[in-house]
Amino acid sequence: MKDILEKYDLVVGLEIHVQLNTESKLFAADKNSFGDSPNSNVSPITLAHPGTLPKPNKSVISHAIKMGLAINCDIASYTTFDRKNYFYPDLPKGYQTTQDQHPICRGGYIDVKSGDGIKRVNFNRIHIEEDAGKSSHDAEHEGSLLDYNRAGTPLIEMVTEPEISSAEEAGNLLTEIRKIVRYINVGDGNMEQGSLRCDANISLKPKGSDQLGKRVEIKNMNSIRNVQRAINHEIERQSTLLDTGKTILQETRGFNDDTGATTGQRTKEEANDYRYFPCPDLLPIQVSSEWIAEVKATLPKLPHEVLADLQDNYELSTYDAEIIADQKELSDYFYETTKLTKHYKRIANWMIGPIKSALNDSNAEIQDFVVKPTLLAEIIELVATDKVSFSMASTRLLPALIQSPDKSALEMAKQMELLQSDDQDELVKTIEAVIASMPDKAKAYKSGKKGLLGMFMGEVMKKTGGKANPKVANKLIAELLEK
C-alpha cells in the first residue's frame, strides 16, 4: 500500500446518509420507527395511491438546519424539492423525492485527525431526501418481498468535497459525524441498523497531478471499518489497472464484507443520469432567520467543544477527555458530577475505570446507570478524605450501591464496616505482629531490599480487612521496620 501511494494520490469523497429521528415520515404522518412488523407503517401517501399529495414535515427541515449549523454550513433561505427519476423497485412511486437545485445547506466543514495532525474536510452540501423501502429474497418465496415501512422515512445526505486522502481520514470523519448526530439528537447513528450509511467515491491520480482520475462509487456501506476496507481494496484494484494500462470504468460497485472486495454493479455516464426536475407537488420553502435562530438555540456543546473544555477547564488528559467526550451522555454525567465535587480527575478515573466495568458487566449505558452523579460524588468524597480506600470503594462499596442506590455512600460504608480506622495504637499493634511473624523478611528489608515494603503492606491490609488507612499504614510500617 505504501508503495502504491508513493506513485498515486488517493482522492475520496463521501456521501453520508443520516436517517432522522422524527416521529413521522418526510411527507406523510406514518410512524417513523425501526423494527416494526413489515408494512405496518404505511399509508396511501407512502403507497403512492392516485390523488394523494405529500406534505413536508417541519421537524425534518429543522433537523437538517440543526445538522447544517453543527458543521458550519450556510443555511438556505429558499429551498425546494426535486424528483430523482431513477427506478426504485422498493419505492411505490417509482422515483425519489430529494433536493437538487436548492438544497437546505451549502458548504460547511469538520476538522478530523489525520496522521499526527488535524485536517479540515469541507462539505459541498447537505440535502433532504426520502429513504426507499426494503427488498428481501429467500428460498421460500418466489420473487422479491417488499417492506415499505422505511419508504418515505427522512434522510439528510451529507456530501463532502473530494479531498479525503486516506482510509484513516474517512473513518475519522464518519466517527465524528456519528458523534455529532447523537450529540444534537437528530438521529441515532446506528450503522448496523442502516440509519447511518455511506457511499464512497474513490479515484487515484498520478502523484502531484491536478487532474482527477476516473472515480468509482461504492454503495451503501454500513460500518466505518467496511468503508476503510473498501477504500484500501480500491487503492489496490485501481492501481493494478493503471499500472497495466487498463481503463478504470466509472461505475457503481458493491462491497462484500465477507471477502473485503468490491464488485461492479452499474456503469455510469460522465453526466448526471438521474433526470432531476422540480417536484410539482411541493411548494418552495422559505427559511426565515428567526427559524434558524430558534434551531440554533437548541444546539448543545458539540463534541469538539466538549473535548477542548474538558482539557482546558477541567485539566483532563487528552486520553481521558476523548473517552468522556465520545458520548453526550458520558459528558453530561461528568458535568453533573462536577457540580457536586471538584475532584475532576477522580471523576474521570471512576468513569473510565470502575463505572465503565460495571456498565460492561450489565450491558448498560451510562444514562441507565443506577449510581447517579450525586451518589458518585459522595463516593469520591469518602475516598478523597481517606474515610474509605479506593480499593474498598471500587470493589465493595460501588457494587453494593448498584444493588441499593437509595442509600447514601456513607450509610452503606458504615453498614459494610468499610470506614478506615484512625486508631493508630491498634494499627501499630497489628503492624508489629505482622513484622514479628516474618523475621527473615524484616531482616532482608533492613539489609536494603526496600521492595519488601509492599509485601508487609499487603499483610497489614489483610489483617485489618482493608480498613487501615494506606497512607498512615505505609508510613508506620517503614518506621517500625527501621527500628
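Treat the numbers as computed from the prediction; the structure is a model and nothing was measured.

Analysis parameters
- Residues numbered from 1 in each chain as written.
- Predicted model: local features only at pLDDT ≥ 70, side-chain atom pairs only at ≥ 80, totals over all residues.
- Heavy atoms only, no water.
- Pairing = 2+ DSSP bridges.
- Helix = DSSP H or I, 4+ residues; strand = E, 2+ residues; numbered from the N terminus.
- Expected span 1.5 Å × (residues − 1).
- Buried < 20%, exposed > 50% of the residue type's maximum accessible area, 1.4 Å probe, protein only.
- Polar contact = N/O pair within 3.5 Å; in protein donor to acceptor, adjacent residues only side chain to side chain.
- Lys, Arg positive; Asp, Glu negative; His and termini not counted.
- Salt bridge = Lys/Arg side-chain N within 4 Å of Asp/Glu carboxyl O.
- Contact = heavy atoms within 4.5 Å.
- Phe/Tyr/Trp six-rings, centres within 6.5 Å; stacked < 30°, edge-to-face > 60°.
- Axes fitted to C-alpha atoms, helices over the stretch in contact; angles between N-to-C directions.
- Parallel < 35°, antiparallel > 145°, perpendicular 65-115°, else oblique.
- Arc of directions from axis to C-beta.

Undergrad: How should the sheet that holds strand β4 (residues 82-84) be read in this particular structure?
TA: Hydrogen bonds between backbone atoms are what pair the strands of a sheet, whose relative direction is either parallel or antiparallel. On the basis of which strands lie adjacent, the open sheet formed by three strands has the order β5-β4-β16 and antiparallel pairing. Of all the strands in the sheet, the pair left with one neighbour each is β5 (96-98) and β16 (277-278). Relative to β5, β4 runs antiparallel, the two being bridged by three bridges. Looking across to β5, one finds that Arg-83 is bridged to Thr-97.

Undergrad: Would you take a moment to explain helix α2 (residues 58-70) for this structure?
TA: Turn by turn, an α-helix covers 3.6 residues, leaving residues three or four places apart pointing in a common direction. For α2, spanning 13 residues, the distance from its first C-alpha to its last is 19 Å, which sits close to the expected 18 Å at 1.5 Å a residue. Extensive coverage of α2 is indicated by the burial of 11 of its 13 residues. What α2 keeps buried is the set Val-60, Ile-61, Ser-62, His-63, Ala-64, Ile-65, Lys-66, Met-67, Gly-68, Leu-69 and Ala-70. Two or three places before Ser-59, at the opening of α2, Asn-57 has a side-chain oxygen 3.0 Å from that residue's backbone nitrogen. In the stretch just after α2, Asn-72 is the one whose phi turns positive, near 70 degrees.

Undergrad: What is the right way to read the side chain of Arg-125 from this model?
TA: The topology assignment puts Arg-125 in strand β8 (residues 117-130). One buried charge, Arg-125, has no salt-bridge partner; the nearest side chain with opposite charge is Asp-100, at 4.7 Å. Among the polar contacts listed, one links the side chain of Arg-125 to the backbone oxygen of Asp-100, at a separation of 2.9 Å. Separated by 3.2 Å, the side chains of Arg-125 and His-127 make a polar contact. Those residues in contact with Arg-125 that sit more than four places away from it in its chain are Gln-99, Asp-100, Pro-103, Cys-105, Arg-106, Gly-107, Glu-157, Met-158 and Val-159.

Undergrad: Looking at this structure, how should I read the pattern of salt bridges?
TA: Two side chains of opposite charge can pair, provided their charged atoms sit close to one another. Using the criterion set out here, one finds 24 salt bridges in the structure. In this structure, the salt-bridge partner of Lys-7 is Asp-243, at a minimum N-O distance of 2.8 Å. Of this pair, Lys-7 sits in helix α1 (residues 2-7) while Asp-243 sits in helix α4 (residues 224-243), and the two are 236 residues apart along the sequence. Of the residues examined, Lys-7 reaches a relative accessible area of 44% and is grouped as partly exposed. Because the salt bridges share partners, they merge into one network encompassing Glu-234, Arg-237, Glu-251 and Arg-253.

Undergrad: Got a minute to help me understand the packing of aromatic side chains in this structure?
TA: Given two aromatic rings, their pairing is described by the distance between the two centres and the angle made by the two planes. Within this structure, the stated rule accounts for six aromatic pairs. For the pair Tyr-314 and Tyr-344, a centre-to-centre distance of 4.8 Å together with 75 degrees between the ring planes defines the contact as edge-to-face. With Tyr-314 in the loop between α6 (303-312) and α7 (318-325) and Tyr-344 in helix α9 (residues 344-362), this pair connects stretches of sequence that are 30 residues apart. What makes Tyr-344 partly exposed here is its relative accessible area of 21%. On the basis of an interplanar angle of 70 degrees and a centroid distance of 5.2 Å, the ring pair of Trp-350 and Phe-390 is categorised as edge-to-face.

Undergrad: Could you clarify how one ought to interpret the side chain of Asp-90 in this entry?
TA: Here Asp-90 lies in the loop between β4 and β5. Buried and unpaired, Asp-90 has Arg-150 as its nearest opposite-charge partner, separated by 5.3 Å. Discounting chain neighbours no more than four positions away, the residues touching Asp-90 are Ala-132, Gly-133, Lys-134, Ser-135, Leu-146, Tyr-148 and Ala-151.

Undergrad: Where do I start with the packing of α2 against helix α5 (residues 289-296) in this structure?
TA: Each pair of packed helices gets described by two things: the angle between the helix axes and the distance between those axes. The N-to-C vectors of α2 and α5 enclose an angle of 70 degrees; their axes lie 9 Å apart at closest approach. Considering their axes alone, α2 and α5 lie roughly perpendicular with respect to each other. Judged by residue contacts, Lys-58, Ile-61, Ser-62, Ile-65, Lys-66 and Leu-69 of α2 engage Trp-291, Ile-292, Val-295 and Lys-296 from α5.

Undergrad: In this structure, what is going on with helix α15 (residues 453-463)? I would like to understand it.
TA: Looking only at α15, the buried set comprises Leu-453, Phe-456, Met-457, Val-460 and Met-461. The arc that holds every buried residue of α15, seen down its axis, measures 135 degrees, which confines them to one face. Exposed and facing more than 90 degrees away from the buried side of α15 are Lys-462 and Lys-463. Of the residues flanking the end of α15, it is Gly-465, one or two places downstream, whose phi is positive at about 65 degrees.

Undergrad: Is there a simple way to think about the pairing of strand β7 (residues 109-114) in this case?
TA: When a strand is regular, its side chains alternate between the sheet's two faces. Sheet topology places β7 next to β8; six bridges connect them, and they run antiparallel. Counterpart to Tyr-109 in the pairing with β8 is Asn-122. A loop of two residues connects β7 with β8, the two strands running antiparallel in sequence, and Gly-115 in this loop sits at a positive phi of about 65 degrees.

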